[in-house]
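Okay, here's what each chain looks like letter by letter:
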Amino acid sequence: MALLSKKDANLIKDPLADNNPITIQVLGICSALAITAELKASVVMAISVLFVLGIGNVVISLMRNIIPSKIRIIVQLIVVATLVIIVDQVLKAFAYELSKTLSVFVGLIITNCIIMGRFEAFALGNGPWRSFLDGIGNSLGYGIILVIVGFFRELLGSGTLFGIPVLGNPINKTGLYALGYENNGFMIIPPAALIVVGIIIWVQRSKNKALIEDN
Amino acid sequence: MNTEKNSYTVIFAAVMVVIVGTILAFLSSSLSGKIDENKRLEKQQNILYAMGVNENEGEGSVSFVPTEKVAGEFSKYIKEQLIIEGDKITKDDQAYLIDLKKQATAAKNGEVRKLPLFIGDKDGKTFYIIPMRGKGLWDAIWGFVALDDQMVVQGVYFDHAGETPGLGANIKQRYFMDDFAGETILDGTKYAGIAVAKGNNDPLNEIKDDNEVDALAGATITGNGVSAMISESVNLYKDYLETIRVK
């Protein structure tokens, strides 16, 4: 017995590839540029968005019939800001160390357009369960791209993964650096993320021709 | 129910604001005690970290004294807490709770600034620990610098409110903070501080009297903020430091 119906499963599967929020819907680019210089930051951000989008979508979906359409964007903003503040405060009180790690992401989550985009495009017109699945699917799709970009940027920019040196020591010239390899400083500045995302889009569209728009 | 009517929109907005406001106010007031306590312990941990009382293991870790032990360790290692107000120096064991931001505002309004300073003692060596506060790229940065009586940095701790993860946020990484140890803040007799310098003429940080450490790539403005913070902060304490400096 399948856990989810085929239609529901697609809500999770589609955003992972063929309807990816970053590479296809082009949402959440700002945070994809800002925090992918390190793999660890990418993972933390992906998990935070998973949490906020999953719950936020459900809340908006439950409220969808009573939200006046004129102020729906403000209402969405209030919901996501409230959620993030609640999480932030609770962590500060009970898991202070963790909250220190996450504090820099709080602002980035509230302004993440994936969250507003999914509230607007999906949760306002669908029931809570499907909205929840949509939230999980989209944040996973977002997370995958973040992790891929973070992997390449940290590896090529700093020669480390999760902060652990994998290519040798650039200062003492060991490992790959002994052969004349150098870290590419360009990879750790935000424009490099655009190039990596661009390459991902290129690879994705050349594998699936259906994604290419006609001009 | 017609959700398009103006009256409905206004009522909805008002009710929502009240509900959200109530939730947040309740949460904030019920958790603030615990949050303040966490912040207080963190300050003690940071001060101890700067003077080398920490649980760092290996090359990369930044580990504080555990929270349950920190109060005891703090009173064990910090011998004196001073408040410097102009020429007046008073002892106060709550000096570490002074809010540097409020003091900076007070100084701007013409009042005499209260400057907290912590004197630590570890293995017979005396440390003078100065709290610092400055601006990074996005938000505040702050920290502590521990000096000996020759004005040589013994250790630092930096933290930030919202620098970019992977770039400016790396000011609280070991490899950045460790570079400061051994550097002198004096240039001749001038309190020059330590600049976070690009140019990479000393990436191994072997020259200790150049008032420079190697910068973080991709974090120029945060780095400049750290340089400015150190030099501004030590200059506030210049008169006091001159009295204890061994020439």
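Refer to the preceding data block for the structure.
Residues numbered from 1 in each chain as written. Chains lettered and ligands numbered in written order. Predicted model: local features only at pLDDT ≥ 70, side-chain atom pairs only at ≥ 80, totals over all residues. Heavy atoms only, no water.

Student: Can you explain the overall build of chain B? Please cite residues and give values.
Tutor: What chain B contains, in helices and strands, is six helices and ten strands. Taking all 247 residues of chain B together, the buried fraction comes to 45%. Of the contacts made within chain B by residues no fewer than 6 positions apart, 56% connect residues no fewer than 24 positions apart. Both charge centroids of chain B, one from 27 positive and one from 36 negative side chains, sit 6 Å from each other. (Helix = DSSP H or I, 4+ residues; strand = E, 2+ residues; numbered from the N terminus. Buried < 20%, exposed > 50% of the residue type's maximum accessible area, 1.4 Å probe, protein only. Contact = heavy atoms within 4.5 Å. Lys, Arg positive; Asp, Glu negative; His and termini not counted. Charge placed at Lys NZ, Arg CZ, Asp CG, Glu CD.)

Student: Let's hear about the overall build of chain A: which residues, and what values?
Tutor: Counting secondary structure elements, chain A contains eight helices and two strands. Starting at the N terminus and walking to the C terminus, you meet the elements of chain A as α-α-α-α-α-α-α-β-β-α. For chain A, the spread of C-alpha atoms along the three principal axes comes to 65 × 50 × 40 Å. The burial tally for chain A puts 46% of its 215 residues in the buried class. Once local pairs closer than 6 in sequence are excluded, the contacts in chain A between residues at least 24 apart make up 75%. Taken as a whole, chain A presents about 10,300 Å² of accessible surface, with 70% of it coming from carbon and sulfur. Charge separation in chain A, taken as the distance between the mean sites of 16 positive and 12 negative side-chain charges, equals 4 Å. (Areas by Shrake-Rupley, 256 points an atom, 1.4 Å probe, with all protein chains shown as cover.)

Student: Which residues make up the interface of chain A and chain B, and what values do they have?
Tutor: Each side of the interface is counted separately: chain A has 35 residues, and chain B has 38 residues. Summed over both sides, the interface of chain A with chain B buries roughly 2,800 Å², with 71% coming from carbon and sulfur. The three residues of chain A that bury the most area against chain B are Tyr-96, Lys-100 and Val-104 of chain A, which together make up 18% of that side's buried surface. The tally of links from chain A across to chain B stands at zero salt bridges. Between chain A and chain B we count seven residue pairs in polar contact (both at pLDDT 80 or more) in total. If you list the elements that add at least two residues to the side of chain A that touches chain B, you get α3 (39–63), α4 (72–94) and α5 (96–110) of chain A. Residue composition of the side of chain A that touches chain B, by class: 24 nonpolar, six polar and five charged. (Buried area = accessible area lost by both parts, 1.4 Å probe. Salt bridge = Lys/Arg side-chain N within 4 Å of Asp/Glu carboxyl O. Polar contact = N/O pair within 3.5 Å; in protein donor to acceptor, adjacent residues only side chain to side chain. Nonpolar A, V, L, I, M, F, W, Y, C, P; charged D, E, K, R; others polar.)

Student: Hey, could you go over the sheet that holds strand β3 (residues 115–122) of chain B for me, with residue numbers and the actual values?
Tutor: Residue and element names in this part refer to chain B. Pairing within the open sheet is antiparallel, and its six strands lie in the order β2-β1-β3-β4-β5-β6. Both edges of this open sheet fall to β2 (88–91) and β6 (153–160), since each of them pairs with a single strand only. Ignoring which end each strand starts from, the neighbouring axes of this sheet average 25 degrees apart. Relative to strand β4 (residues 125–135), β3 runs antiparallel, the two being bridged by five bridges. From the neighbouring strand, Phe-118 faces β4, where its bridge partner is Ile-129. (Pairing = 2+ DSSP bridges. Axes fitted to C-alpha atoms, helices over the stretch in contact; angles between N-to-C directions.)

Student: So, the side chain of Arg-205 of chain A: which residues are in play, and what are the values?
Tutor: For Arg-205 of chain A, the location among the structural elements is in helix α8 (residues 191–207). The residues contacting Arg-205 of chain A, other than those within four sequence positions of it, are Thr-23, Ile-24, Leu-211, Ile-212 and Glu-213 of chain A.

Student: An account of the state of the cysteines is needed here, citing residue identities and associated values.
Tutor: Residues and elements named next belong to chain A. For the coordinates displayed, the defined rule picks out zero disulfides over all chains. In this model Cys-113 remains outside any disulfide bridge; the closest cysteine sulfur is found in Cys-30, 4.1 Å from its own. Overall, Cys-113 belongs to the partly exposed group, its relative accessible area being 28%. (Disulfide = S-S within 2.5 Å.)

Student: Can you break down the nonpolar core residue by residue, with the values?
Tutor: In summary, soluble globular proteins display a tendency toward joint burial of nonpolar side chains. The biggest cluster of nonpolar side chains holds 61 residues, and the ones touching the most others in it are Ile-129, Phe-158 and Phe-180 of chain B. Setting aside residues no more than four positions away along its own chain, Phe-180 of chain B makes contact with Val-153, Val-156, Phe-158, Ile-194, Val-196, Val-213, Val-226 and Ile-230 of chain B. Listed in part, the 44 residues of the second largest apolar core include Val-75 and Ala-123 of chain A together with Phe-12 and Val-20 of chain B. (Core = buried A, V, L, I, M, F, W, Y, C linked by side-chain atoms within 4.5 Å.)

Student: Before we move on, can you summarise the environment of Ala-46 of chain A with the specific residues and values?
Tutor: Residues and elements named next belong to chain A. Mapping Ala-46 onto the fold places it in helix α3. You can call Ala-46 buried: its relative accessible area is 12%. On a C-alpha basis, the gap between Ala-46 and Leu-140 in space is 7.3 Å, while along the polypeptide they are 94 residues apart.

Student: Quick one: what's the story with unusual backbone geometry, residue by residue and with numbers?
Tutor: Even without being glycine, Asp-123 of chain B reaches a positive phi, approximately 50 degrees. Its relative accessible area of 77% is what places Asp-123 of chain B among the exposed residues.

Student: Tell me about the side chain of Asn-57 of chain A, and name the residues and values.
Tutor: Residue and element names in this part refer to chain A. Along the polypeptide, Asn-57 turns up in helix α3. The exposure class of Asn-57 is buried, given its relative accessible area of 0%. Each residue touching Asn-57, except ones within four places of it in the same chain, is listed here: Arg-118, Phe-119, Ala-123, Ser-131, Asp-134 and Gly-135.

Student: Give me the lowdown on the packing of aromatic side chains, citing residues and values where you can.
Tutor: Residue and element names in this part refer to chain B. Following the criterion strictly, the structure yields twelve aromatic pairs over all chains and no others. Between the aromatic rings of Phe-158 and Phe-176, the centroid separation amounts to 5.9 Å while the plane-to-plane angle is 45 degrees, which identifies the pairing as tilted. Of the two residues, Phe-158 is situated in strand β6 and Phe-176 in helix α4 (residues 174–177); the sequence distance between them amounts to 18 residues. A relative accessible area of 0% places Phe-158 in the buried class. The structure contains a cluster of three or more aromatic residues connected by ring pairs, namely Tyr-49, Phe-64 and Tyr-157. (Phe/Tyr/Trp six-rings, centres within 6.5 Å; stacked < 30°, edge-to-face > 60°.)

Student: Any details on the pattern of salt bridges? Residues and values, ideally.
Tutor: Side chains that differ in sign of charge can pair as their charged atoms come close. Residue and element names in this part refer to chain A. Taken as a whole, this structure holds twelve salt bridges over all chains when the rule is applied. Measuring nitrogen to oxygen at the nearest pair gives 2.9 Å for the salt bridge that ties Arg-118 to Asp-134. With Arg-118 in helix α6 (residues 113–121) and Asp-134 in helix α7 (residues 128–158), this residue pair connects regions lying 16 residues apart in the sequence. The exposure class assigned to Arg-118 is buried, which follows from its relative accessible area of 10%.

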